[in-house]
Amino acid sequence: MLNRKDLLGLESVSAEEINLILDTAENFKEISQREIKKVPTLRGKTVILFFHEASTRTRTSFEVAAKRLSADTFNLSAGTSSMVKGETLIDTGKTIQAMNPDAIVIRHASSGAAHLLASHVKASVLNAGDGWHAHPTQALLDMLTMREHKGRLAGLKVAIVGDITHSRVARSNMIGLRTMGAEVRVAGPPTMLPPGLEQYGAKVYQHMEPAVEGADVIMMLRLQLERQKSGLFSGVREYSRLYGLNTQKIKLAAPDVIVMHPGPINRGVEIAADVADGPYSVILNQVNNGVAVRMALLYLLIGGGQTE
Amino acid sequence: MKIIIRNGRVLDPALNIDAQKDLLIEDGLIKDLVSPGSADGWAADAEAVDAGGLLVTPGLIDMHVHLREPGQEYKESIATGTAAAAAGGFTAVACMPNTVPVNDNRSVTEFILQQARAAGSARVWPVVAMTKGLKGEELCEYGDLIEAGAVAVSDDGKPVANAGVMRRVLEYLRIFDLPAISHSEEPSLSEGGAMNEGLTATWMGVAGIPAAAEETAIFRDIRLAEMTGHPLHIAHVSTAGSVDIIRRAKAAGIRVTAETAPHYFTLTDKACLGYRTEAKMNPPLRTPKDVEAVRAGLADGTLDAVATDHAPHASVEKDVEFDHAAFGIVGLETSLPLTLELVRSGVLSLAGAVAAMTVNPARILKIPGGSLAKGSPADVTIIDMEREWVVDSSLFKTKGRNTPFNGLTMKGQAVMTLVQGIKVHDLRA
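Residues numbered from 1 in each chain as written. Chains lettered and ligands numbered in written order. Predicted model: local features only at pLDDT ≥ 70, side-chain atom pairs only at ≥ 80, totals over all residues. Heavy atoms only, no water.

### Here we look at the overall build of chain A
Definition in use: Here a strand is any run of E in DSSP of at least two residues, a helix any run of H or I of at least four, and the numbering for each starts at the N terminus. Three exposure classes are used, based on accessible area relative to the maximum for each residue type with a 1.4 Å probe and protein chains only: buried under 20%, partly exposed in between, and exposed over 50%. In these tables, accessible area is a Shrake-Rupley quantity obtained with a 1.4 Å probe, and a residue counts as shielded only by the protein chains included in the view. Under the convention used here, Asp and Glu are negative, Lys and Arg are positive, and both His and the chain ends fall outside the count. By convention, charge coordinates are those of NZ in Lys, CZ in Arg, CG in Asp, or CD in Glu.
Along its length, chain A carries 11 helices and nine strands. Projected onto its principal axes, the C-alpha coordinates of chain A cover approximately 55 × 45 × 35 Å. Taking all 308 residues of chain A together, the buried fraction comes to 59%. For chain A, the computed accessible surface area is about 12500 Å², with 51% contributed by carbon and sulfur atoms. Each charge class in chain A can be summarised by its mean position, and for the 34 positive and 30 negative side chains these summaries are 3 Å apart.

### Looking at the overall build of chain B
Threshold: Both definitions apply: the radius of gyration is a C-alpha atom measure, and the globule rule equals 2.2 Å times residues to the power 0.38. For this analysis, residues touch if any pair of their heavy atoms sits within 4.5 Å.
If you tally the helices and strands in chain B, you get 13 helices and 18 strands. Taken over C-alpha atoms, the radius of gyration comes to 21 Å for chain B, in line with the 22 Å a tight globule of 429 residues would show. Its C-alpha atoms give chain B principal-axis dimensions of about 65 × 50 × 45 Å. The buried share of chain B, reckoned over its 429 residues, is 62%. Residue pairs at least 24 apart in sequence account for 74% of intrachain contacts in chain B once pairs closer than 6 positions are excluded. Split by element, the accessible area of chain B, about 15100 Å² in all, is 51% carbon and sulfur. Looking at chain B, you have 40 positive and 54 negative side-chain charges, and the mean spots of the two groups are 3 Å apart.

### Here we look at the interface of chain B and chain A
Put simply, an interface is often sized by how much accessible area is lost when its parts join up. Worth spelling out the cut-off: Two N or O atoms count as a polar contact when they lie within 3.5 Å, although within protein this holds only if one can serve as hydrogen donor and the other as acceptor, and sequence-adjacent residues are included solely when both atoms are side-chain atoms.
The interface of chain B with chain A comprises 17 residues on the first partner and 25 residues on the second. On the surface where chain B and chain A come into contact, there are nine residue pairs in polar contact (both at pLDDT 80 or more). The dominant element in the side of chain B that touches chain A, judged by the number of residues it contributes, is helix H6 (residues 199-204) of chain B, at four residues.

### Quick word on the pattern of salt bridges
Stated formally: The salt bridge definition used is simple: a Lys or Arg side-chain nitrogen within 4 Å of an Asp or Glu carboxyl oxygen.
Tallied over the entire structure, the rule returns 40 salt bridges over all chains. Residue arginine 147 of chain A is joined to glutamate 26 of chain A by a salt bridge in which the shortest nitrogen-to-oxygen separation is 3.2 Å. Note that arginine 147 of chain A is positioned in helix H5 (residues 136-150) and glutamate 26 of chain A in helix H1 (residues 15-28), a separation of 121 residues in sequence. With a relative accessible area of 15%, arginine 147 of chain A lands in the buried category. In this structure, aspartate 277 of chain A engages arginine 267 of chain A in a salt bridge whose closest nitrogen and oxygen atoms are separated by 2.9 Å. Taken together, the residues span a long stretch of sequence, with aspartate 277 of chain A in the loop between helix H10 (273-276) and helix H11 (283-302) and arginine 267 of chain A in the loop between strand S9 (258-260) and H10 at a distance of 10 residues. In this structure, a network of salt bridges that share partners links the residues Arg106, Glu110, Asp144 and Glu147 of chain B.

### Remarks on helix H4 (residues 163-172) of chain B
Residues and elements named next belong to chain B. The condition that has to hold: Summarising the geometry, the arc corresponds to the directions from the helix axis toward the C-beta atoms.
For H4, every residue scored as buried is listed here: Val165, Met166, Val169 and Leu170. Taken around the axis of H4, the buried residues stretch over an arc of 130°, which confines them to a single face. Residues of H4 that are buried in the fold lie against helix H3 (142-148), strand S10 (180-182), helix H7 (211-228) and strand S13 (232-234). For H4, the side-chain oxygen to backbone nitrogen distance between the N-cap and glycine 164 is 2.7 Å, and the N-cap itself is asparagine 162.

### With respect to the nonpolar core
Short version of the rule: Think of a nonpolar core as a cluster: buried Ala, Val, Leu, Ile, Met, Phe, Trp, Tyr and Cys residues, connected wherever their side-chain atoms sit within 4.5 Å.
Counting residues in each nonpolar core, the largest one holds 66 residues, and the members touching the most others are Val124, Val153, Ile222, Ile234, Ile246 and Leu303 of chain B. With residues up to four places along the chain from it excluded, the contact list for isoleucine 234 of chain B reads Ser182, Ser184, Ile218, Ile222, Ile246, Val256, Thr257, Ala258 and Glu259 of chain B. The next biggest cluster of nonpolar side chains, apart from the first, holds 64 residues, and it includes Leu42, Ala66, Ile164 and Met295 of chain A.

### Notes on the packing of aromatic side chains
The relative placement of two aromatic rings is captured by the distance of their centres and the angle of their planes. Put simply, the rule reads: Planes of paired rings set the category: under 30 degrees apart is stacked, over 60 is edge-to-face and the rest tilted, where pairs are Phe, Tyr or Trp rings (Trp by its six-membered ring) whose centres lie within 6.5 Å. A ring has a charge above it when a Lys NZ or an Arg CZ is no more than 6 Å from the ring centre and no more than 35 degrees off the ring normal.
As enumerated under the stated definition, the model contains eight aromatic pairs over all chains in all. A ring pair is formed by tyrosine 142 of chain B and phenylalanine 176 of chain B, whose centres lie 6.4 Å apart and whose planes are at 75°; its orientation type is edge-to-face. One end of the pair, tyrosine 142 of chain B, is in helix H3; the other, phenylalanine 176 of chain B, is in the loop between H4 and S10, and 34 residues separate them in sequence. An aromatic cluster is built from Phe233, Tyr239 and Tyr243 of chain A, whose rings are joined through pairwise contacts. Positioned above the aromatic ring of phenylalanine 322 of chain B, the side-chain terminus of lysine 280 of chain B is 5.6 Å from the ring centre.

### A few points about the side chain of glutamate 214 of chain B
For glutamate 214 of chain B, the position within the fold is in helix H7. Other than its neighbours up to four places away in sequence, glutamate 214 of chain B contacts Ser184, His236, Val237, Ser238, Thr239, Ser242, Pro283 and Arg286 of chain B.

### What to know about the environment of isoleucine 265 of chain A
Its location among the elements puts isoleucine 265 of chain A in the loop between S9 and H10. Among residues more than four places away in sequence, those in contact with isoleucine 265 of chain A are Arg222, Glu270, Ile271, Ala276 and Ile283 of chain A.

### Some points on the sheet that holds strand S2 (residues 72-77) of chain A
Residue and element names in this part refer to chain A. The criterion, for reference: Only strands that DSSP links by at least two bridges are regarded as paired with each other. Helix axes use the C-alpha atoms of the stretch in contact, all axes being lines fitted to C-alpha atoms, and the angles between their N-to-C directions lie in the range 0 to 180 degrees.
Spatially, S2-S1-S3-S4 is the arrangement adopted by the four strands of the open sheet, whose pairing is parallel. If you trace the sheet from one side to the other, it starts and ends with S2 and strand S4 (124-130), each paired once. For this sheet, the mean inter-axis angle between neighbouring strands, taken without regard to orientation, is 15°. In this structure, strand S1 (residues 46-51) lies alongside strand S3 (residues 103-108), joined through five bridges in parallel fashion. Note that in S3 the partner of leucine 49 across the bridge is valine 105.

### Considering the environment of glycine 149 of chain B
Residues and elements named next belong to chain B. Within the element layout of this structure, glycine 149 appears in the loop between H3 and strand S9 (152-154). Separated by 23 residues in sequence, glycine 149 and proline 126 place their C-alpha atoms 6.8 Å apart. Ignoring any residue separated from it by four or fewer positions in sequence, one finds glycine 149 in contact with Thr109, Leu113 and Pro126.

### Some remarks on the sheet that holds strand S15 (residues 305-306) of chain B
All names here are of chain B. Pairing is parallel in the open sheet, where eight strands are placed in the order S6-S7-S8-S9-S10-S13-S14-S15. This sheet does not close on itself; its edge strands, each paired only once, are strand S6 (60-65) and S15. In terms of strand pairing, strand S7 (residues 90-95) meets strand S8 (residues 123-128) through four bridges, oriented parallel. Residue pairing across strands places alanine 94 opposite tryptophan 125, the latter belonging to S8.

On their own, these measurements won't tell you what the molecule is for.
This is how it looks when you write it as structure tokens:
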């Protein structure tokens, strides 16, 4: 069991805890292969999926994970909650808490929203993405995928390419991978590289080629096309040429490189179609591991203590 | 009505006095400063205040506060704001015009002064809008506003984005003797930001406001002040680059003055960690290098005044997601000890610290006060430099609880505040 109430980010999560989560997830993967994909582990537990920002992939992944462990899940999204009527996050949190859930999974556009909620509810809070800050379950499923393919995390050369400034996926991966002893390189146009990346222990590149050279893992980030309007890049054509992953650039990496993407992918923008579908791609393994990691986290956070 | 304040260390930078004196007050005015005991005959029928071991200064002046009235009385009222001022040792405050409605016309100015008279604590000097509705477009009727009681103009809270408008404001103001206060911020650089751009904002995943947003605006406005010849005051200076630009401008003889706030010389952006909205203000808390530069700017006189930018907000505006939270913190009740900390750490002389809170803001705004000269209104602050106290925002006189200093131990406090010879704050009572 994890000796913590919440999972808000990976800042304070130790290597031992990460290993425990990944090991547990690995064990849970088998459940999803069964004919009857359900175990009673979290029967009687209540999980609220509170998605204040639109998300299909992550919400579905959490819901599948909770249901395979027999927890009851309830969806609350911004459009249907009273937050549209001006209720504050704290009040919404207290209202949810009054229903006595065991866990609240929150996705929110504001950095720190999961922290704010966690400090006002007794339930375990799982951060499913807050603003640009953190997406710890994504980083954990990414690390599980890397470990599966490479057998280790320590010493792995991981290149993260794209819009680092606005990426909670990049931040959580930088923190988690450093904890596990990987070598992280980040690359992107200077307009998408925020100041202070050295505090994550990452090597920073303004060009993609040196970042992917010899890399064991290349993680491509989704380009938000609307950022062109705010002057962060000149256009899809140039972005794709400079920071898109194609078969030419893959040749710079280690021969057994794996290619990852948190999705949804912009085919032909940050990743060429033949790369996304090609032999190096582990994108669908990531999705599969997402369910396992979220099962593990729900179990480790709220599964302990009570036996029937 | 006579008062004698006995045996205090009287410090008045305007008069260049720092000595043990008895301060004599009669009918609300300063009668005299005399050697201890030498006016006992006069004082026979006076109320005596023992200031032995205490510091006696001209009443402190905060040239940058938000009193929120009219329109946002749920945040603060003129009564609560001036009560907070008195409790913090301030005998006068200059209030910014971003009320609802905006103080850009005579009726609002007169209303504010009427409420201030009724509230009975600190003096209130209205700063009126630089442009109508703070929209940065059209000039206000400054002549009318001066008659109503305006002491300066500012669009504080919002930058005048259009340089051409700022130029015309400064030119037009030459008709009047009315200082212009610049809220220096280039909106195209600060837009969307919630804290200082830098490694802490990156770590927190919060959109940043770069130092250059402030510095480019200060540079622009100083050049316009030079071009038009109208004096310019820069509000809430927070960055090393800003201090440098102002220092050079002063050396070049440009008529520019500047203020900073206690939080800018006390805290860094790390105070925001944990998404603490009580450390969110605009301009934002910066880096240790900026804190050092702001301190150096106060020390060498580049920054003339300490002003709080007292910005009370209701809890519903602060107990929310960091990027949704209102900008601003309260400051009136913690400004004095934080400024005295600069004296203890050797950054400022005691006279320099007192000047930054008395005569300097008075001269910039061209308002009475800031001195204990004979015949001037008896606005006096009596300070216990050694008194230690713990900040408990629930005990504040202001309605605002939004302070990053809650729970911290402060050293130094105003034990008595007199406005026109009347006690408006008395810790001994």
